[in-house]
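If you want the building blocks of each chain, they are given just below.
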Amino acid sequence: MDQQQVIMENVLQFMQKDHLEEEDFNEQALRLYSYQYQFNLPYQAFCRQRGKTPRMVKAWRDIPAVPVNAFKEVALSCTDPEKAEAVFMTSGTTKGIRGKHYHPNLHIYDRSMILNFKQRFMGNIEKVRMGVLFPTEKEMPNSSLAHYLALAVKEFGKEGSGYLMNESGVDMDRLLDELNRAEETGEPYALIGASYSFVHVLEELERRGKTFSLPKGSRILDTGGFKNQSKELELNDFYDLLSSSLGVSRTECINMYGMTELSTQFYDDGNESIPAVKSGPHWIRTRVIHPLTGEEMPKGERGVLVHCDLGNFNSVTTILTEDIGIELESGFLLLGRVQGAEAKGCSITLAEFLKAAKEPLK
Amino acid sequence: MREIAGYLPDIGKEKFETKILTFQGKDGAIEAEIPLLNEKQMDMVIAKVKKASNETLKSFSSAEIVQIIDEAIERLLDRRSPYRQKAEKLLPIVTGYNEEIVRLGLTSYLKTFRKHELQRFLVEDLGNPLLLDDFQPRVTGGYSKAVGPELITHIWAGNVPALPLWSLISGLLVKAGNIGKVASAEPFFAGWFAQVLVEIEPRLADCFAVVWWKGGDEEREFSLFSQSGVVVGYGGNQSLQFLQSRIPITTRFLPFGHKISFGILSESSLDSRKAWQSVHQAALDVIRYDQQGCYSPHLFYVQRGGKVSPREVARMMANELENYQKRFPRRPLSMEESASLSSWRQKEEMGIFDHPNKEVLGNSANDWTVVYEENNIHFTPSCLNRVVKVMPFENIEEILSLVAPHRHLLQTIGMAANPKELFDWAESLGKVGVTRITALGKMTSPEAGWHHDGRFNLLDLVNMVDIESAAEESSERFAPYVD
């Protein structure tokens, strides 16, 4: 076996564990760290600049966190990026540069998704009829979300599951057929997809004056926030509307928080109250740090999220996000993404400058 | 503690709502209580201010107004006066800036409004300040008088302390009634200034108002703007665009958008002794108000070929910023600001992998950051809060081609150059949109009578009223003494 295979085997075994000692996570994280330090050269340079060589790093908390922006600048991979089976890209806004996450293969990504999805979304059912509110993998080959949703249908979708999209967006006719069918047959139904697609659906249902009462056991998974693709809704209103238009209680409306730069997703246990606590499986851990000093914030205080995902065997385990959150006993609260701070004075900010450069004054 | 902000003229025994803005300092919080008027009350204020502008303010000579402002400024400069003490105590908490920075900044700013500076202000724009008092003969015949509007509305923005004074004093000098909306980031200073003025000259009591409302209140803004002769607005282009959409065509709008400023160091300024001084001054421009001002530098272009190299300048800059951090620490940043700053810095650090010549200098607490880059010199803003880039250049044309596409956003250049370069470069920089060139160390303290964003402070506010010579000649025919 070559080194990559050994590493992958380790990770897979780790994910299967049902009993975990604190030391186990540490050991696995450090093993991945020295592997990545050795083979991922941009990461090695990054660690060296911080004086964090494997000799200095004694615990998973010491592993240098790579800012998500770095995925836009360099190829973070232990193997030849050209040979990657999948390259997931961020949607990329500024200057059109997109962050790239290279996966030499998707064994671990898929395993991570399946184990976690089963536990956090499927509850105690094996399969459910699903409708997807997002384009297919074929249409978006570089979208990790497209892959994730396709996998959900493949692994957990009953026959008849499928995509409810057409060229112009959500295929309302098919969606309504599916919802009617569920109501008539009493068979639980799952709608999964991008948050902004749900917003379009809600608007359309309101326009048509339609509401549904989906059978017990039905559930909803939304992800990704609204990203200026639809009218921004207050989270509370969003889940209220979802619940009243589709007849799925807010506790059955699960939000998934994922990132292109990770191989593992976080879920909440429904959105009865906002913001809901997010957590992940035992192979991912989250710290909340102060962005300037890098020091961990006391539990309950706002800071920036750092994720250490052992599913990221090929890129880097530890990612510094631009998401603000609070650490709790049972997970963390996600409070939103830093969108570039607002101007305090009268000097121009980067965001405003980029906007002005894009749309020159007439 | 709670402090009343804003200022209202006498509109009788009206009960009005107030808005509380809270500022958290390291030694306790301050609440600003500011009047929040309803539409009817606002109309009363407008009527009152207009009336006072016509009946009272316009009866003062401009020399008298200068005298009153001078006295007010003198009180605010006097560190023993209660208003000054209040400003020194509260503004650091409200804005977060270091106390010394606020104290020094206030003094250097306020002294540009002393009597002699105000006279310069008047002469600069009008030539003959008496134009504001009386019809003055024109060289080509006839007479002219400069008449200020009944009402100027000011929409102030930002947390740079005391910034509203520019436009408020300009408004007073042209004898206009003034209504100002303070920024929620610094709601105090304009109101204090109004109170000091009234203490000195009680007859001015109804000539202005300092209030607050939530920006974007369409109805209120439309009503106020349509009753104003001039609206002066500060803010980002987007919010100015919104403002503009509510301003009737008959009201003059003077928008001051967010700007970007930078420094240029010529090789002639870079011998071992002078370079140190230049960098010291440049760093001062960076730390004053943590680059929040439109005149604050985002980056420095350093010419190659001097005895001190551009890379060395970057390192000296790092050294200076570290020294200043000890004496004048940066204001505490919000979590959002901290996160975007560290993300900016990390992105720069990642770039080192592709460009080994690049340097990212900073301390472990991220109190400041200097990035040196030479492979691909460019023009982008810094993320502010003591973050600068230093880049080398060979000749001025390189810089011109980088900044020219951003003409609408350019403002101040801090320059270290010899006299020939100063004038040659000013010539070409002016063509691409730069409106102010000053020495390093002076970027954040514009001189009295400066042309803010290239415009006139007073001339843009007034209307000239002409009596043509024909009218004068014709009037002679109707004189009682005509033969």
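Reading guide: rules and limits
- Residues numbered from 1 in each chain as written.
- Chains lettered and ligands numbered in written order.
- Predicted model: local features only at pLDDT ≥ 70, side-chain atom pairs only at ≥ 80, totals over all residues.
- Domains from an automatic or database assignment.
- Contact = placed C-beta atoms within 7 Å.
- Nonpolar A, V, L, I, M, F, W, Y, C, P; charged D, E, K, R; others polar.
- Helix = DSSP H or I, 4+ residues; strand = E, 2+ residues; numbered from the N terminus.
- Buried ≥ 20, exposed ≤ 12 C-beta atoms within 10 Å, placed from the backbone.
- Core = buried A, V, L, I, M, F, W, Y, C linked by C-beta atoms within 7 Å.
- Axes fitted to C-alpha atoms, helices over the stretch in contact; angles between N-to-C directions.
- Parallel < 35°, antiparallel > 145°, perpendicular 65-115°, else oblique.
- Left-handed = near helix turned anticlockwise from the far one by under 90°.

Peer 1: What is the right way to look at the domain arrangement of chain B in this model?
Peer 2: The parts lose accessible area when they come together, and the size of an interface is often stated as this lost area. Residue and element names in this part refer to chain B. Each domain of chain B was delimited in the assignment, giving domain 1 (2-258 + 451-467) and domain 2 (260-439). Relative placement of domain 1 and domain 2: their C-alpha centres are 33 Å apart. Opposite the 14 residues of domain 1 that make contact, domain 2 presents 11 residues. Here the side of domain 1 that touches domain 2 is built from residues that sort into 3 nonpolar, 9 polar and 2 charged.

Peer 1: Help me out: how do you make sense of the environment of Val66 of chain B in this one?
Peer 2: Residue and element names in this part refer to chain B. Mapped onto the fold, Val66 is located in helix α2 (residues 62-77). The exposure class of Val66 is buried, given the 24 C-beta atoms found within 10 Å. Sequence-wise, Val66 and Leu118 are 52 residues apart; in three dimensions their C-alpha atoms are separated by 6.7 Å.

Peer 1: Explain the interface of chain A and chain B to me, please; I cannot follow it from the model alone.
Peer 2: If you look at the interface, chain A gives 33 residues, while chain B gives 42 residues. Each residue belonging to the side of chain A that touches chain B can be placed in one class, and the counts come to 19 nonpolar, 9 polar and 5 charged.

Peer 1: So what exactly am I meant to see when it comes to unusual backbone geometry here?
Peer 2: Excluding glycine, a negative phi dihedral is what most residues carry, and trans is how most peptide bonds are arranged. Note that the residue after Ile274 of chain A, namely Pro275 of chain A, is joined by a cis bond; omega there is -10°. For Tyr289 of chain B, which is not glycine, the phi dihedral falls at a positive 55°. Locating Tyr289 of chain B in the fold gives a position in the loop between α10 (272-287) and β12 (297-303). Look at Tyr289 of chain B and you get buried, because 28 C-beta atoms sit within 10 Å. Unusually for a residue other than glycine, Gln291 of chain B sits at a positive phi of about 65°. By secondary structure assignment, the location of Gln291 of chain B is in the loop between α10 and β12. Judged by local crowding, Gln291 of chain B falls into the buried class, with 27 C-beta atoms found within 10 Å.

Peer 1: I keep staring at the nonpolar core and nothing clicks. Help me out?
Peer 2: Counting residues in hydrophobic clusters, the biggest one holds 90 residues, and the most contacted among them are Val49, Ile69, Phe193 and Ala209 of chain B. Ranked by residue count, the leading element in this core is helix α7 (residues 189-200) of chain B, at 7 residues. There are two domains that each give this core at least three residues, and those are domain 1 (2-258 + 451-467) and domain 2 (260-439) of chain B. Ignoring sequence-local partners within four residues, the contact set of Phe193 of chain B consists of Ala72, Leu165 and Leu168 of chain B. Among the nonpolar cores identified, the runner-up in size contains 88 residues, and Leu32, Met113, Phe117 and Leu205 of chain A belong to it.

Peer 1: Would you mind showing me how to read the packing of helix α1 (residues 3-16) of chain A against helix α2 (residues 22-39) of chain A here?
Peer 2: Residues and elements named next belong to chain A. As a packed pair, α1 and α2 sit with axes 11 Å apart at the nearest point and diverge in direction by 160°. Classified by the interaxial angle, the pair formed by α1 and α2 is roughly antiparallel. As for how α1 packs across α2, the hand of that crossing is left-handed. Between α1 and α2, the contacting residues are Gln3, Ile7, Asn10 and Phe14 on the first element and Gln28, Arg31, Leu32 and Tyr35 on the second. Of the residues assigned to the contact of α1 with α2, the class counts are 4 nonpolar, 3 polar and 1 charged.

Peer 1: What should I look at first to understand the domain arrangement of chain A in this one?
Peer 2: Residues and elements named next belong to chain A. Under the domain assignment, chain A is made up of domain 1 (1-82 + 284-362) and domain 2 (108-281). On the side of domain 2, 17 residues touch domain 1, which itself brings 21 residues to the contact. Where the side of domain 1 that touches domain 2 is concerned, the elements lending two or more residues are α1, β14 (302-309), β15 (318-328) and β16 (331-337). Broken down by element, the side of domain 1 that touches domain 2 gets its largest block of residues, 5 residues, from β16. Within the side of domain 1 that touches domain 2, the residues separate by chemical class into 14 nonpolar, 6 polar and 1 charged.

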